[in-house]
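These are the residues of each chain, in order.
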Number of protein chains: 2
Amino acid sequence: MSKSKRLMELMLAVHRKRSFTVKELAVEFGVSSRTMLRDLQELGELGVPLYSEVGPHGGYRLLNERMLPPIAFSEEEAAAVFFASHALRHYRDIPFRTEISSALQKFYLHMPQDVRGKIDEMRDRVDFQVPHRSQSAPMLNVLLQAAIQRQPVRMEYDGRAGVEEREIRPVGIYASNGLWYCPAYCLNRQDYRLFRCDRIKTAEIMERPTEEPEMEQVHLGNWGSVHDRDSELTGIHVELSREGCRRFETGMWPQPQIRKREDGTGWIESRIPKSDIEYYAHFFIGLGMEAHVLQPAELVLSIRQMLAAMAERYGAGE
Amino acid sequence: MSKSKRLMELMLAVHRKRSFTVKELAVEFGVSSRTMLRDLQELGELGVPLYSEVGPHGGYRLLNERMLPPIAFSEEEAAAVFFASHALRHYRDIPFRTEISSALQKFYLHMPQDVRGKIDEMRDRVDFQVPHRSQSAPMLNVLLQAAIQRQPVRMEYDGRAGVEEREIRPVGIYASNGLWYCPAYCLNRQDYRLFRCDRIKTAEIMERPTEEPEMEQVHLGNWGSVHDRDSELTGIHVELSREGCRRFETGMWPQPQIRKREDGTGWIESRIPKSDIEYYAHFFIGLGMEAHVLQPAELVLSIRQMLAAMAERYGAGE
DNA sequence: GTAATCATGACAATAGCTGTCACTATTATA
DNA sequence: TATAATAGTGACAGCTATTGTCATGATTAC
């Protein structure tokens, strides 16, 4: 093995280990301790930020432990990262804003001119439609960090009753329609709650362990079932026109499954929580004559009542 | 300068130059040609993909010109790239799928175990709510490439009239509610059209220059105004309850500006295209008693007609 | 006080590197 | 076809760098 090759592998080893002794590396690389000492000094001269500590439990450490070793990416891989960043560009606030920018900057700096041109052009050629929101959500980093590390958070929340202090255990954060939400176990209410992140004014991670709610296996994919486990379901049956199917198909919500016919019309046969009746009444009214709700009776009644009130407001029926 | 340092700088130089002669580099590094030849051979042994060509205009080239030199990212920057990838995870199809995966894999491979743990955990702690779509859009890469390089595309489109062949100049692609759309200048129709990408069955970039529509300055940000420049506007005035404001505020569309009052109610005073009356009628009906449309008269009339039809269907008014 | 760690300097032996030189092969171009 | 511009190979003398061993010293936790 040539010395150059040994030094390259040594650079990967020190980034992998982060903390090590001269003897340990000498054995691993099959050279004497004196040679390994020299190699590490030369690595230092090449720019790897090593420092040493003498004494028991001494050894070498990487000064800036938070760096990865140099990685070679293809231009297409770099372009792919730029593409992914466009999915985030209409959000007013996101976690990792600074880090994404600096990562993209590093890629850009190492690109030849023709690839830069393509990256610049892509900016105007790909987009993700996300509503623009003016509400600021400055606490996203804190909340995400707390969720990942399963730490409690003390926050000030601007809810219906005004600003109040809450202590929560965040499940995670998610974006919907350009707004960020944080489902969390609220220690004040002893139950799960969904918080809007733009209404979280301050948040700080609490270092002291607090009482531990039973949430080790709760995450963004299943917190809803924990929260909604007591909901009562009811069956719905809705007939849809061709246009109704198209509208459903391009609509946004997680939603009941459509069944379709050859002629393009379709129907919904499903079960929904009774607590959502009001919401579905609004939704199907918004579809107008493109949907015909047949079941359940509560939903039909709710629609009927809304129609009556609106007819009176708009003077329909004359 | 030690040999190791020289090799490291040589590696950066070959990535920068991409194409060079032995003599050129020997002069630049202050060594003989014979030594430079040996150095290049050793670089090859270290994994840099060089190849040579003899004869006039010969020299060395980087075999895989599509690689960037090794870049050192911080762990936070790497985590940020993983975060960005989550914005894409519910899309059935995206451009750059393979490249994103391989880029993320490279980051992951170079990470220490504790950072991997955080990345794994983040998966369940952050999400972007995007409706799941079963419709496949296999031509995204082609369309995006064509838009970036401003090349024409021949495609088969499954529209209302069945599958037909179209020749287009793509403006770009964008995602909305989990579906991908491609605004393009349609050479068959001599006008701009919006295509759903899941209905584009085949697409291939045409290499021959075709007739050039005047679209050099058209991109995703302004194609709508080119397309809609003849739209007639009309003023609207809508009163909103507190709940109506909340619904508006968390809704998804690019939408007219709300004005709000101290008590939480609000109103909309704006101008919309006349061609969108039908759409807005559906939208405000879906808000039920939370919105009261006062203007324009066409919109009120449209709402009234829809209410009358629905009242008859649901037996309201008894 | 002991043990575990880094650290320095010196030296002999030897491995590797460098530049020079002579020669060969390939290829585009006039 | 000849020429020039390029990479390529091998050999060799002279020189430099590297390596391991050895002796010694300093720091630090336990």
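For the structure, see preceding data.
Fair warning: this is a prediction, and the values are worked out from it, not measured in the lab.

Trainee: Would you mind going over the overall build of chain A in detail, with residue names and values included?
Mentor: When helices and strands are counted, chain A shows 11 helices and 14 strands. Taking 20 Å as the expected radius of gyration for a compact globule of 318 residues, we find that chain A reaches 29 Å, considerably beyond that expectation. Considered along the principal axes of its C-alpha atoms, chain A spans approximately 100 × 55 × 35 Å. Here chain A holds 318 residues, and the buried ones make up 48% of them. Pairs at least 24 residues apart make up 58% of the contacts formed inside chain A by residues separated by at least 6 positions. Counting 42 positive and 46 negative side-chain charges, chain A places the centres of these two groups 4 Å from one another.

Trainee: Which residues make up the protein's contact with DNA strand C, and what values do they have?
Mentor: By nearness alone, 24 residues border DNA strand C, and Ser52 and Tyr60 of chain A together with Ser32, Thr35 and Pro56 of chain B come closest of all. Counting only the atoms of DNA strand C that lie within 4 Å of the protein, the sugar and phosphate share comes to 66%. Glutamine 41 of chain A places a side-chain nitrogen or oxygen 3.1 Å from a phosphate oxygen of DNA strand C. Counting residues per element, the surface near DNA strand C draws most heavily on helix α3 (residues 33–45) of chain A, which supplies four residues. In terms of residue class, the surface near DNA strand C is built from eight nonpolar, nine polar and seven charged.

Trainee: Give me the interface of chain B and chain A: which residues, what numbers.
Mentor: With 105 residues of chain B in contact, the opposing surface of chain A contributes 105 residues. In this assembly, chain B packs against chain A so that about 9800 Å² is buried in total across both faces, 62% of it on carbon and sulfur atoms. In this assembly, chain B and chain A are joined by nine salt bridges. In this structure, the salt-bridge partner of arginine 18 of chain A is glutamate 75 of chain B, at a minimum N-O distance of 2.5 Å. Counting across the interface, chain B meets chain A through 48 residue pairs in polar contact (both at pLDDT 80 or more). Ranked by residues supplied to the side of chain B that touches chain A, first place goes to helix α11 (residues 297–314) of chain B with 10 residues. Of the residues in the side of chain B that touches chain A, the class split is 60 nonpolar, 20 polar and 25 charged. Of the strand pairs in this sheet, strand β4 (residues 126–128) of chain A and strand β7 (residues 173–176) of chain B are connected by three bridges, and their pairing is parallel. By the bridge assignment for β7 of chain B, valine 126 of chain A is matched with isoleucine 173 of chain B.

Trainee: Provide a residue-level description of the relation of the copies chain B and chain A, including the pertinent values.
Mentor: Two copies of the chain are present, and they differ by a rotation about an axis and a shift along that axis. Each copy superposes on the other: chain B lies on chain A with an RMSD of 0.9 Å after a rotation of 180 degrees and an axial shift of 0.1 Å. As the rotation angle and translation indicate, the two copies are arranged about a two-fold axis. Minimal C-alpha separation from the rotation axis in chain B is found for glycine 286 of chain B, amounting to 1.7 Å.

What counts as what
Residues numbered from 1 in each chain as written. Chains lettered and ligands numbered in written order. Predicted model: local features only at pLDDT ≥ 70, side-chain atom pairs only at ≥ 80, totals over all residues. Heavy atoms only, no water. Helix = DSSP H or I, 4+ residues; strand = E, 2+ residues; numbered from the N terminus. Rg over C-alpha atoms; globule rule 2.2 N^0.38 Å. Buried < 20%, exposed > 50% of the residue type's maximum accessible area, 1.4 Å probe, protein only. Contact = heavy atoms within 4.5 Å. Lys, Arg positive; Asp, Glu negative; His and termini not counted. Charge placed at Lys NZ, Arg CZ, Asp CG, Glu CD. Near = heavy atom within 4 Å. Polar contact = N/O pair within 3.5 Å; in protein donor to acceptor, adjacent residues only side chain to side chain. Nonpolar A, V, L, I, M, F, W, Y, C, P; charged D, E, K, R; others polar. Buried area = accessible area lost by both parts, 1.4 Å probe. Salt bridge = Lys/Arg side-chain N within 4 Å of Asp/Glu carboxyl O. Pairing = 2+ DSSP bridges. Least-squares fit on C-alpha atoms with pLDDT ≥ 70 in both.

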